Amino acid sequence: MTTTMKPIHDLTAEDLMSRDLVAIPRQTSLRDAAHLLADAKVTGAPVTDEAGRCVGALSATDLVRWMDRGDQAAKRCFSETRCFCCDWEVLELEALPVDAVSRHMTEGPVTAKLTTPIGELSRWMLDAHIHRVFVVDERGRPVGVVSTTDVVAAVARQETRDFVAPDAAWLPPMKG
């Protein structure tokens, strides 16, 4: 575990990003992509072209949009079992179409370089109303993701003046 002592305004995408990300090839079916997101326990992922470049994003918001489309609206799964969730969260994955993710993704994803400062990342998320920015290499291939949770965690860690990379375990200091 590496601990980096940096002021929050000096943190970059490389400091904040999660390196373990799921990338979805654009020819993948929406159904298979939803299974990938569910298996990875994430709400969004970059969509890549044949060269591995980031060409879009697929998120829970895209699935909600698909569900709300008139005649193509998803069949919602209702059962006698009560759960603490919204109707869109009980989507039956097998009801999703087998057409390509490229028909349902958000085009023009917001991407960043490893050196992009936390302030810019935060501003982009606010301005675009998104919850994640994909970090790409010089060829445009995704190498990580910075989420709003990563930014909030950095702020929380700053209180202790001890920034720990997101892949490492972090526990708040004991009081008393």
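Rules behind the numbers
Residues numbered from 1 in each chain as written. Predicted model: local features only at pLDDT ≥ 70, side-chain atom pairs only at ≥ 80, totals over all residues. Heavy atoms only, no water. Helix = DSSP H or I, 4+ residues; strand = E, 2+ residues; numbered from the N terminus. Contact = heavy atoms within 4.5 Å. Buried < 20%, exposed > 50% of the residue type's maximum accessible area, 1.4 Å probe, protein only. Arc of directions from axis to C-beta. 1 Å grid on protein atoms, 1.4 Å probe; cavity = no way out; pocket = protein on both sides within 12 Å on 5 of 7 lines; lining within 4 Å. Points joined across faces, edges and corners; volume = space filled by probe spheres on them. Pairing = 2+ DSSP bridges. Axes fitted to C-alpha atoms, helices over the stretch in contact; angles between N-to-C directions.

Visitor: Explain the side chain of Ser59 to me, using residue names and the numbers behind them.
Guide: One can find Ser59 in strand S4 (residues 54-59). Excluding residues within four positions of it along the chain, Ser59 makes contact with Thr43, Gly44 and Arg132.

Visitor: Can you tell me about unusual backbone geometry, naming the residues and giving the values?
Guide: We note that Lys41 has phi near 60°; this positive angle belongs to a residue other than glycine. Residue position: Lys41 is located in the loop between helix H2 (30-40) and strand S3 (44-48). In this structure, His129 takes a positive phi of about 55° despite not being glycine. Along the chain, the position of His129 falls in the loop between helix H4 (118-128) and strand S7 (132-136).

Visitor: Tell me about the environment of Ser122, residues and numbers included.
Guide: Summarising the element assignment, Ser122 is placed in helix H4. Take Ser122: its relative accessible area is 23%, and that puts it in the partly exposed class. When the C-alpha positions of Ser122 and Val133 are compared, they lie 9.2 Å apart, and in sequence the two are eleven residues distant.

Visitor: Now, about H2: what can you tell me, with residues and values included?
Guide: Within H2 the residues assigned to the buried category are Leu30, Ala33, Ala34 and Leu37. Down the axis of H2, the buried side of the element spans an arc of 100°, and every buried residue falls inside it. Lys41 sits one or two positions beyond H2 and adopts a positive phi of about 60°.

Visitor: How would you explain the layout of surface pockets if you had to name every residue and give the values?
Guide: Looking at the largest pocket, its volume works out to about 380 Å³. Contributing to the lining of the largest pocket are 18 residues, with Ser59, Thr61, Ile130, His131 and Arg132 lying nearest its centre. Contributing elements (two or more residues each) for the lining of the largest pocket: S4, helix H3 (60-67) and S7. Per element, the largest residue contribution to the lining of the largest pocket is four residues, and it comes from H3.

Visitor: Let's hear about the sheet that holds strand S6 (residues 111-112): which residues, and what values?
Guide: What the three strands build is an open sheet, ordered S6-S7-S8; its pairing is mixed. With partners counted over all chains shown, the strands left at the sheet margins are S6 and strand S8 (142-147), one partner each. Pairing between S6 and S7: two bridges, direction parallel. Residue pairing across strands places Thr111 opposite Phe134, the latter belonging to S7. Its contacts with the sheet put H4 on S6, S7 and S8, and the angle it makes with S7 is roughly 130°.

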